[in-house]
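# Architecture at a glance
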Amino acid sequence: MPQSHELKRTRCYEIFSQSAGVEIREGMKTAEERGEAVERSGRIHLRFFKLAPRINPDEVTQIRFICEPDEAFGLSLMIDQVANSSVPCKEKLNPHKFSVGERGEETVTTLSVEKWERGGKSGYALAVGRGKDFISVPLPLSKFLFAGNFLRFLSTEQSWVERVEKKAPAHAVR
């Protein structure tokens, strides 16, 4: 018997270059207590990925960067600032830091936007770095600006929170 597939709409924008890409989409963060969700809040996910096949098993082929709505808005402002610059420049969001492993080793992830110029060519790029791993996605101006506008849109669209409603016991109602 054939399975039915249900389509689910997600706000998402994917950008591809020759060797890498970035997916910008709506997302959420879930807080749990005793294994149950007690709060969800909106986030913006950026997933950077390489298009080339993995060469060795330890190679990183994708890096995620999750923004709070105000960070995504700040990133959109940085894109506008860099796009309007008359000279090459680079802007970075504040790094994200988290601890991993038994020894609590700190991992730092950075996200940057830049206007570059090399060998008589120029362009724009979104880039992410984590430790020694780095993925840069070069973009034409129109896609760079669209990414900024999409981030601005998502920053307000994802400003929400869902919380478990705490109801008063029935005997407390008068």
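Bear in mind that the values here come from a model prediction, so they are computed numbers and not experimental data.

## With respect to the nonpolar core
Formed by 31 residues in total, the largest nonpolar core has its most connected members in Ile24, Leu46, Phe48, Leu126 and Phe144. For this core, the element with the most residues is helix 1 (residues 69–83), which contributes six residues.

## A short note on the confidence of the model for the protein chain
Averaged over the protein chain, the pLDDT score is 92; the fraction of residues at 70 or greater is 95%. The secondary-structure element of the protein chain with the lowest mean pLDDT is strand 6 (residues 96–100), recorded at 85, while helix 1 shows the highest, at 98.

## Brief notes about the side chain of Glu71
Checked against the element boundaries, Glu71 lands in helix 1. Lacking a salt bridge, the buried Glu71 has Arg43 as its closest oppositely charged neighbour, with an N-O distance of 6.8 Å. A distance of 2.7 Å separates the side chain of Glu71 from the side chain of His96, its partner in a polar contact. Once residues within four sequence positions are removed from consideration, Glu71 is found in contact with Ile66, Leu93 and His96.

## Considering the pattern of salt bridges
Considering all chains together, one arrives at ten salt bridges under this definition. Measuring nitrogen to oxygen at the nearest pair gives 3.7 Å for the salt bridge that ties Lys50 to Glu59. If you follow the salt bridges from partner to partner, you end up with Arg11, Glu26 and Glu157 in one network.

## Quick word on the pairing of strand 4 (residues 62–67)
Across the two faces of strand 4 the burial differs, with Ile63, Phe65 and Cys67 buried and Gln62, Arg64 and Ile66 not buried at all. The sheet contact formed by strand 3 (residues 36–50) and strand 4 spans six bridges and is antiparallel. Looking at the pairing, Arg47 lines up with Arg64 of strand 4.

## Some details on the environment of Tyr124
Along the polypeptide, Tyr124 turns up in strand 8 (residues 121–130). Exposure remark for Tyr124: the relative accessible area of 10% places this residue in the buried category. Between the C-alpha atoms of Tyr124 and Leu145, which are 21 residues apart in sequence, the distance is 9.7 Å. Sequence-distant contacts of Tyr124, that is, excluding residues within four places in its chain, are made with Val82, Ala83, Glu114, Lys115, Trp116, Val137, Pro138, Leu139, Pro140, Leu141 and Phe144.

## Section: helix 1
Taking 1.5 Å of rise per residue, the 15 residues of helix 1 would be expected to cover 21 Å, and the 21 Å separating its terminal C-alpha atoms lies within 8% of that figure. Among all positions of helix 1, only Pro69, Glu71, Ala72, Leu75, Ser76, Met78, Ile79, Val82 and Ala83 are buried.

## Description of unusual backbone geometry
Positive phi values are uncommon outside glycine, yet Arg34 reaches one of about 50°. Looking at the secondary structure, you find Arg34 in the loop between strand 2 (20–33) and strand 3. The exposure class of Arg34 is exposed, given its relative accessible area of 80%.

Procedures and definitions
- Note that residues are indexed from 1 along each chain, following the sequence as it is written.
- Local features in this predicted model are restricted to residues of pLDDT 70 or higher, and side-chain atom pairs are both shown and tallied only at a pLDDT of 80 or more, whereas totals for entire chains, interfaces and linings draw on every residue.
- Processing note: side-chain calculations cover all non-hydrogen atoms of the structure and skip hydrogens and water entirely.
- For this analysis, a nonpolar core means a set of buried residues of the types Ala, Val, Leu, Ile, Met, Phe, Trp, Tyr and Cys, connected via side-chain atoms within 4.5 Å.
- Note on classification: 1.4 Å probe, protein chains only; a residue is buried when its accessible area is under 20% of the maximum for its type, exposed when over 50%, partly exposed between these limits.
- Where helices and strands are cited, they refer to DSSP runs of H or I of at least four residues and of E of at least two residues respectively, numbered from the N terminus.
- The predictor attaches a confidence to each residue, called pLDDT, with possible values from 0 through 100.
- Charge counting treats Lys and Arg as positive and Asp and Glu as negative, with His and both chain ends excluded.
- Salt bridges, as used here, are contacts in which a Lys or Arg side-chain nitrogen is within 4 Å of a carboxyl oxygen on Asp or Glu.
- For the purposes of these results, a polar contact is taken to be a pair of N or O atoms within 3.5 Å, where, inside protein, one atom must be able to donate a hydrogen and its partner to accept one; residues adjacent in sequence count only when each atom of the pair is a side-chain atom.
- Should any heavy atoms of two residues lie within 4.5 Å, those residues are counted as being in contact.
- Whether two strands pair comes down to DSSP finding at least two bridges between them.
- Take the number of residues in a helix, subtract one, and multiply by 1.5 Å to get its expected span.

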